[in-house]
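Notes for the structure review
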Amino acid sequence: MSEYKRMRWHIFDLLRGYTLLNMVLFHFLYDVFIIYGRNPDWLDGLFPNIWQQWICCTFIMISGIVFHFSRKPIRRGIVLNLIGFAITGVTIFVIPEEAIWIGILNLIGCAILITALLQPWLRRIPSGMGLMISLLLFLLCEQIPDRFLGCYSLRLLQLPDWLYQTFAGAWLGFPNAGFTSSDYFPLIPWLFVFWGGYYLQPLIEKYIPERALTWNPVPVLSSIGRNTIWVYIAHQPILMVICMMMF
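Below is a summary of the structure that appears in this document. As the structure is a computational prediction, the values presented were derived from the model and not from experiment.

This next bit is on the packing of helix H2 (residues 10-35) against helix H3 (residues 46-66). It is at 10 Å that the axes of H2 and H3 come closest, and there the two elements cross at 145°. Judged by the twist between their axes, the crossing of H2 over H3 is left-handed. The residues of H3 that touch H2, namely those facing Phe12, Leu15, Arg16, Tyr18, Thr19, Leu20, Asn22, Met23, Leu25, Phe26 and Leu29, are Pro48, Trp51, Gln52, Trp54, Ile55, Thr58, Phe59, Ile62, Ile65 and Val66. Across the contact of H2 with H3, the residue classes break down as 16 nonpolar, four polar and one charged.

On to the side chain of Thr88, then. Residue placement: Thr88 occurs in helix H4 (residues 73-94). With residues near it in sequence (within four places) discarded, Thr88 still touches Ile100, Trp101 and Asn106.

Considering the arrangement of structural elements, one finds Asp183 in the loop between helix H7 (169-172) and helix H8 (187-207). Sequence-wise, Asp183 and Pro120 are 63 residues apart; in three dimensions their C-alpha atoms are separated by 32 Å. Beyond its immediate stretch of four places on either side in the chain, Asp183 contacts Ile100, Trp101, Ile102, Gly103, Ile104 and Tyr232.

One face of the sheet, then the other: side chains in a regular strand alternate in exactly this way. Burial analysis of strand E2 (residues 154-158) places just zero of its five residues in the buried class, which makes it a mostly uncovered element. Here strand E1 (residues 148-151) pairs with E2 via four bridges, running antiparallel. Along E2, the bridge assignment pairs Leu149 with Leu157. In sequence, E1 turns back onto E2 through a hairpin of two residues, with Tyr152 there showing a positive phi of about 55°.

Counted at 1.5 Å a residue, the expected span for H2 with its 26 residues is 38 Å, and the 36 Å between its end C-alpha atoms agrees. Once H2 finishes, Gly37 follows within two positions and takes phi at roughly 70°, a positive value.

Following Ile188, the chain continues to Pro189 via a peptide bond in cis, the omega torsion being 15°. When you line up the elements, Pro189 lands in helix H8. Its identity is not glycine, yet Ile102 carries a phi of approximately 60°, on the positive side. With respect to the helices, strands and loops of the structure, Ile102 is situated in the loop between H4 and helix H5 (104-122). When its relative accessible area of 2% is taken as the criterion, Ile102 is described as buried. Phi is positive for Arg147, close to 75°, though the residue is something other than glycine. Considering the arrangement of structural elements, one finds Arg147 in the loop between helix H6 (127-141) and E1.

Judged by side-chain polarity, Ile125, Met129, Met132, Ile133, Leu136, Leu137, Leu139, Leu140, Leu154, Leu156 and Leu157 come together as a nonpolar surface patch covering roughly 970 Å² of accessible area. Contributions of two or more residues to the nonpolar patch are made by H6 and E2. Assignment of secondary structure puts Met129 in helix H6. When its relative accessible area of 44% is taken as the criterion, Met129 is described as partly exposed.

Right, let's talk about H6 for a bit. Look at H6: 21 Å from first C-alpha to last across 15 residues, which is about the 21 Å you get at 1.5 Å a residue. Every buried residue belonging to H6 is among Ser127, Gly130, Leu131, Ser134, Phe138 and Cys141, and all of these are buried. Down the axis of H6, the buried set is contained in an arc of 120°. They therefore lie on one face. Within H6, the exposed residues directed more than 90 degrees away from the buried face are Met132 and Leu136. In this structure, the buried residues of H6 make contact with H3, E1 and H8.

Once that is clear, we can look at the packing of aromatic side chains. Per the stated rule, a full pass over the model turns up 19 aromatic pairs. An angle of 25° between the planes, with centres 5.7 Å apart, marks the rings of Phe47 and Trp51 as stacked. With Phe47 and Trp51 both in helix H3 and four residues apart, the pair spans about one turn of that helix. Owing to a relative accessible area of 10%, Trp51 belongs among the buried residues under this scheme. For the ring pair Phe67 and Phe194, a centre distance of 6.3 Å and an interplane angle of 75° mean the geometry is edge-to-face. A residue pair is termed long-range when its members are at least 10 positions apart, and Phe67 in the loop between H3 and H4 and Phe194 in helix H8 qualify at 127 residues. Exposure class is identical for Phe67 and Phe194. Each is buried.

Conventions and cut-offs
- Residues numbered from 1 in each chain as written.
- Predicted model: local features only at pLDDT ≥ 70, side-chain atom pairs only at ≥ 80, totals over all residues.
- Heavy atoms only, no water.
- Axes fitted to C-alpha atoms, helices over the stretch in contact; angles between N-to-C directions.
- Helix = DSSP H or I, 4+ residues; strand = E, 2+ residues; numbered from the N terminus.
- Left-handed = near helix turned anticlockwise from the far one by under 90°.
- Contact = heavy atoms within 4.5 Å.
- Nonpolar A, V, L, I, M, F, W, Y, C, P; charged D, E, K, R; others polar.
- Buried < 20%, exposed > 50% of the residue type's maximum accessible area, 1.4 Å probe, protein only.
- Pairing = 2+ DSSP bridges.
- Expected span 1.5 Å × (residues − 1).
- Patch = residues over 30% accessible without salt bridge, like charges linked within 9 Å, V, L, I, M, F, W, Y side chains within 5 Å.
- Areas by Shrake-Rupley, 256 points an atom, 1.4 Å probe, with all protein chains shown as cover.
- Salt bridge = Lys/Arg side-chain N within 4 Å of Asp/Glu carboxyl O.
- Arc of directions from axis to C-beta.
- Phe/Tyr/Trp six-rings, centres within 6.5 Å; stacked < 30°, edge-to-face > 60°.

What follows is the structure, given as structure tokens:
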């Protein structure tokens, strides 16, 4: 951590900025094809699904990596949750049919708070083992919101209905039958992706040369990555205005 304070790891700013631009483009296409109905089946295609999963996993894992560099993680976790709640309120008021419940900001905010509280125990697990366990748990639990243990099309065990009876269960990954959200990131399985980044950071610091981590060939892109939260907040209202002008 001391090395990071002296020399910023721009590689993650660059990757986060690149991922954020992909997210903006994905959301623009979602608005055009889904909300404005130009291609309602677009999200069912293989490429949009792979693209969406890559954006989500990269964004959440980087958040787990840079957790180590946060000086006040509790405050940051609370702030991200408050912003997430504000986004929920705005979407309920403006586009209730596309309301966002438990979005990615709430997921990252909760993951930061949980990790900060559990850090004395998480640190006891060797980094390589922690990374492997985190990724295995993600693969095992990826289908839990769909009531199965398993990953994507591989379904190992159907889970009992009593786990999926309350709205509060949606936070953990057990949404009830009436739950809907246009952007849904429950703690299970996505907390394990965050922890994958948490355990990956010490391995990166150990095995990757510092000059590779601090290299900044595209300052504009790294600047976007350093201001992720503001770009994230602003991009969807701007996209909606563009779509209203187009259609």
